[in-house]
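Descriptive analysis of the structure
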Amino acid sequence: MGKVTRRDFIRTTGAIAAGATLCPLAAEPMELKMGGRSVSRTTQRFHRNTYSTCLNCYARCGIIGYSADGSLAKVGGNPNHPNSLGRMCAKGHAAKDILYDPERILQPQMRVGARGEGKWRTITWDEAYQVLVEKLHALWAAKTPEKFFFYSSRDITTQRFTERFVHAFGSPHALVHAGLTNQNKRLAQEMTWGVPVEVADVVNTEYILNFGANPYEAHYLRTSFVQRLTEGRLTKIVKRQVHYGAKLVTFDPRCSQTAGRSDEWLAPFPGTDGLIALAMANVIMKENLHDEAFLRQWTNYPIDKLRQHLARYTPEWAEKESGVSAGDVVRLALEFARSRYATTLSTGGVSKHANGVQNERCVMLLNAVTGRVDALGGFCLPRTYAFSEPKPIPPRPTVKSPFFDSRSGRESTYGVFSEFAKRKDKTPPVAVWFTYMGNPAYECPQTEEVLAFFKDETRLPFHAAIDSHMTETAELADLVLPASTYLERWELESPPSMEMVPFVGLRQPVVQPRGESKPIMDLLIELAEHLGGAMTQYFTFDPEDYLFEQVSEIGALQKAGGLDYLVQKGFWKDLEAKPDYARYKKDGFDTPSGKFEIYSSRLEAMGLNPLPTYEPIDVYRDMKPTHLALITYQWNVHTHYHTANSLKLSELVHRNPIVINRSTGQAMGLQTGDVIEVLSRQGSVQGEVLLLEGIHPKVVAISDNCGHWGYGHVARGKAFKSTNPETVLLWWEKEGNGTHVNPLIAARVDRAGGGVAWQDTAVMVSKIRSKEEPGFVEKYLFFLVD
């Protein structure tokens, strides 16, 4: 064994500590034992507590900001929060890195050089509003308000408010990055049972079939979910009876953290999960282990016809296409069906394909066939509250949009970028573009084409970026406006409840906005006032009034104290409410038939197969023997690109290996640490290879988040002098900052969903040079990925 340095030891133990925050059995910190109180180490006085909601990832955990003299000392978990239960992941603990980042934008910046040259002039907010009003008034004067586009990265918080602004202006173009990521899953679920997402009741289940999900590293409820998953897998004694933990079976081409912690891991070829699920459903029906009552009463397709449809999906066919043995398919199907409580998991590994909608529907079918829909320990409908909007609500503009996607019922983010990337005409369909807390120049597929669009002043005459950092996209703006972080603004949340009882969470400032940064609601309200005209009637409130109106129709919350209660506690739940499984029996499903729609009329209207079916992926069907299938994944300590400039998180993961199966790599003459090139029809990237047993022999895996050329010094892996003395200590500067995978990926979409097929890229691999000593892969990343 090689020598372990002190720095190696600290890195390893630090990563283990970061992961330990997810374990319910880990030692509780002082704040949890004291009910959320924290004492300053220097003054010995209690910190000021502010209850809020995290947004350093999508889980929206309950947090407490501990401050003194107007400065944030630290962030901890809210022990009373119904979802996160006081626990936080590494990203939540790194909140101060984002808030006090010395490279934050704190004043409006106006471009003075060529676009992308990096030359700026600091201006006042009055000057900034004057520029925006001039640009937007020109569109009104020309009667072309539809040439205004607004792009935001996250649609879970501000989308309704930004959409309100865009529609009030007269444009239909309110775009979200989610249209590029999870649209296939959303639409598959909406057309099947009327809601866009499920909540697997893993804490009460006995059996979990996991298709392509990685909840130990990345789940939309992350820490809240993995706590229940961990608890559900523990053997425990309840009322003197032994309850054995749930079995977890994972299908994933890569041995992710979840696959490695599963009872069984099977590595199918990418995009074949739907076929495996259909073969399992066939076995269950043949063995008469299906739920006859649920299928007859609560689905819209006859049982005998469903049997006929499934008959062709044999375990043998599943084995031929996926590589998973027919015997395993049969055995696991029977185990799943015979368990008292069972559910499925699925995410991008299933839906981010050209057959993603059908893959998702095939997995959902397993729950319907066995009657585990919205059942204890099963595949459950999300429990959330709907928020109200202040009246009057601006109507959706009637102007016909070439980018409206009838599949999703909203603008197609993919359609916009795909069209703009190739158009070279002198009368572009966009004149003013706003980007809010988004980074399409980095996070979109077809990177070079998207970059070319943002650089071209003919195709994009004016671009304003509203952000906390100078991202790769903000660098290509004409005006950059400083945005407040989630620690400095007000918002309401109602994420799906893991306890099956809905609740409302509040995000409120734990400190005042730094510098001249503004929360997005304040900014848009003020801009509407400056614009005048018809805009003002839709923005006659301040942010607090808006929040008050949002919860005004939740009667039980109003009785508890309304917004004042939320400010004091950070969340509210109805203490008298109990989990209400099988909720569909009261009101039916929110579908045209009121049932779980095995037969989809929406797919039929598109001219597509209305039944759950397996569709081979053209890219892989025609793949040459020398090619590999590219898949992407996410690190547990990063949220896509959003956290790359965090000093703490980037010290843990700042580079990403290109992972290839050991036997495959050795056959190519490769060894771990070699620098290789990965080439697709779209582009090429380079990086160090990591050879592992834990990946399908025909697959190569590259993570997101790395390879930044903008955003900040830390994201680029460059040491620099700043107000934070630690920024000169970036010891990993010599290692570089990894590989940006998106240049390899073309913007292919699922015909049914319109979402990008991120996992459908065939690539070639070639060696550039042999490894150099010491290789970062062996020293630092092996314990994270192997």
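Below is a summary of the structure that appears in this document.

Definitions and limits used
Residues numbered from 1 in each chain as written. Predicted model: local features only at pLDDT ≥ 70, side-chain atom pairs only at ≥ 80, totals over all residues. Heavy atoms only, no water. Helix = DSSP H or I, 4+ residues; strand = E, 2+ residues; numbered from the N terminus. Buried < 20%, exposed > 50% of the residue type's maximum accessible area, 1.4 Å probe, protein only. Contact = heavy atoms within 4.5 Å. Phe/Tyr/Trp six-rings, centres within 6.5 Å; stacked < 30°, edge-to-face > 60°. Lys NZ or Arg CZ within 6 Å of the ring centre and 35° of its normal. Salt bridge = Lys/Arg side-chain N within 4 Å of Asp/Glu carboxyl O. Pairing = 2+ DSSP bridges. Disulfide = S-S within 2.5 Å. Arc of directions from axis to C-beta. Axes fitted to C-alpha atoms, helices over the stretch in contact; angles between N-to-C directions. Polar contact = N/O pair within 3.5 Å; in protein donor to acceptor, adjacent residues only side chain to side chain. Patch = residues over 30% accessible without salt bridge, like charges linked within 9 Å, V, L, I, M, F, W, Y side chains within 5 Å. Areas by Shrake-Rupley, 256 points an atom, 1.4 Å probe, with all protein chains shown as cover. Lys, Arg positive; Asp, Glu negative; His and termini not counted. Charge placed at Lys NZ, Arg CZ, Asp CG, Glu CD. Parallel < 35°, antiparallel > 145°, perpendicular 65-115°, else oblique. Left-handed = near helix turned anticlockwise from the far one by under 90°.

Okay, the overall build of the chain next. Scanning the chain from terminus to terminus reveals 31 helices and 29 strands. Counting over 786 residues, the chain shows a buried share of 61%. The long-range fraction of contacts in the chain, counting pairs at least 24 apart against all pairs at least 6 apart in sequence, stands at 74%.

Below, the discussion takes up the packing of aromatic side chains. Counted according to the given criterion, the structure contains 37 aromatic pairs. Ring centres of F161 and F539 lie 5.9 Å apart, and the angle between their planes is 75°; on these two criteria the pair is classed as edge-to-face. Of this pair, F161 sits in helix α6 (residues 159-169) while F539 sits in the loop between α21 (520-531) and α22 (543-550), and the two are 378 residues apart along the sequence. Relative accessible area serves as the criterion here: at 3%, F161 is assigned to the buried category. Here the aromatic cluster, defined as three or more aromatic residues joined through ring pairs, consists of W140, F148, F150, F161, F165, F169, F434, F539, F541 and Y546. The side chain of K74 reaches across the aromatic face of Y66, ending 5.6 Å from its centre.

Quick look at the pattern of salt bridges now. In the structure shown here, the tally under the stated rule is 34 salt bridges. We note a salt bridge from K185 to E360, for which the minimum N-O separation is 2.9 Å. Taken together, the positions of K185 in helix α8 (residues 183-193) and E360 in helix α17 (residues 356-369) put the pair 175 residues apart, joining distant regions of the chain. The burial state of K185 is the same as that of E360; both residues are buried.

A few words now on the pairing of strand β6 (residues 148-152). Two faces, one strand: in a regular strand the side chains alternate between the faces of the sheet. Counting buried positions along β6 yields five of five residues, so the element is predominantly enclosed. Where burial is concerned, the two faces of β6 agree: the one with F148, F150 and S152 and the one with F149 and Y151 are both buried. By the bridge criterion, five bridges tie β6 to strand β18 (residues 432-436) in an arrangement that is parallel. Bridge pairing in β18 links F150 to F434. By the bridge criterion, three bridges tie β6 to strand β7 (residues 174-176) in an arrangement that is parallel. What sits directly across from Y151, in β7, is L175.

As a further point, take the state of the cysteines. Applying the stated criterion to the full structure yields zero disulfides. With no disulfide of its own, C61 has C57 as its nearest cysteine by sulfur position, at a separation of 5.9 Å. According to the relative accessible area criterion, C61 is buried, its value standing at 7%.

Another aspect to go through is α22. Among all positions of α22, only P543, Y546, L547 and Q550 are buried. Axial view of α22: buried residues confined to an arc of 95°, hence all on one face. Tucked into the core, α22 has its buried residues touching α6, β21 (491-493), β22 (503-507), α21 and α24 (563-569).

In this section: the sheet that holds strand β2 (residues 62-68). What links the strands of a sheet is backbone hydrogen bonding, and the strands pair in either a parallel or an antiparallel sense. The antiparallel open sheet is built from three strands, whose spatial order is β1-β2-β3. Each of the sheet's edge strands pairs with one partner strand only, and the pair in question is β1 (48-53) and β3 (71-77). Strand-to-strand twist across the sheet, computed as the mean angle between neighbouring axes with direction ignored, equals 30°. Here six bridges tie β2 to β3, and the two strands are oriented antiparallel to one another. Each residue of the ladder has a partner; that of I64, found in β3, is G76.

Moving on to the pairing of strand β28 (residues 699-703). Taking burial as the measure, the five residues of β28 include five buried ones, the bulk of the element. Burial along β28 is two-sided: V699, A701 and S703 facing one way and V700 and I702 facing the other are all buried. By the bridge criterion, five bridges tie strand β24 (residues 628-633) to β28 in an arrangement that is parallel. In the sheet register, A629 faces β28, and the bridge partner there is V699. In the sheet, strand β25 (residues 658-661) pairs with β28 via two bridges, with the strands oriented antiparallel. In the sheet register, I660 faces β28, and the bridge partner there is V700.

The next thing to look at is the side chain of H173. The topology assignment puts H173 in the loop between α6 and β7. Side-chain polar atoms of H173 contact the backbone oxygen of E146, separated by 3.0 Å.

Our next topic: a negative patch on the surface. A cluster of acidic side chains, namely D542, E544, D545 and D564, defines a negative patch on the protein surface. Take D542: it is sitting in the loop between α21 and α22.

Below, the discussion takes up the sheet that holds strand β29 (residues 761-769). Here six strands make up a closed barrel; going around it, the order is β24-β28-β25-β27-β26-β29 and the pairing mixed. Taken over all neighbouring pairs, the strand axes of this sheet differ in orientation by 45° on average, direction set aside. Note that strand β26 (residues 675-679) and strand β27 (residues 684-692) share five bridges and pair antiparallel. Bridged to V678 within β27 is V685.

Let's shift gears to unusual backbone geometry. In this structure, P392 follows K391 across a cis peptide bond, with omega equal to -5°. Checked against the element boundaries, P392 lands in the loop between β15 (379-380) and β16 (404-405). You will see that L85, though not glycine, has its phi angle at about 55°, which is positive. Mapped onto the fold, L85 is located in the loop between β3 and α3 (90-93). Residue classification places L85 among the partly exposed residues on the basis of a relative accessible area of 34%. A positive phi angle, close to 50°, is found at D374, a residue other than glycine. Relative to the assigned elements, D374 resides in the loop between α17 and β15.

What follows covers the packing of helix α14 (residues 315-322) against helix α15 (residues 326-338). Their axes nearest at 8 Å, the elements α14 and α15 cross at an angle of 125°. Between α14 and α15, the angle is such that the two are oblique. As for the relative orientation of α14 and α15, their crossing is right-handed in sense. Contacts between α14 and α15 involve P315, E316, A318 and E319 from the first element and A326, V329 and V330 from the second.

Position of R111 relative to the elements: it lies in strand β4 (residues 109-111). Sequence-distant contacts of R111, that is, excluding residues within four places in its chain, are made with K119, W120, E457, A477 and D478. Looking at R111, its side chain comes within polar contact range of the main-chain oxygen of G113, at 2.7 Å. One polar contact links R111 to D478, side chain to side chain, over a distance of 2.6 Å.

Mapping T643 onto the fold places it in the loop between β24 and α28 (647-652). Every residue in contact with T643, bar those within four places of it in the chain, is listed here: N56, V637, H638, L649, S650, N705 and Y711.

So, on to the environment of V675. If you trace the backbone, V675 turns up in strand β26. Accessibility expressed as a relative area gives 10% for V675, which makes it buried. For the pair formed by V675 and E772, sequence separation is 97 residues and the distance between their alpha carbons is 8.8 Å. The residues touching V675, leaving out its near neighbours within four places in the chain, are G687, E688, K767, I768 and R769.

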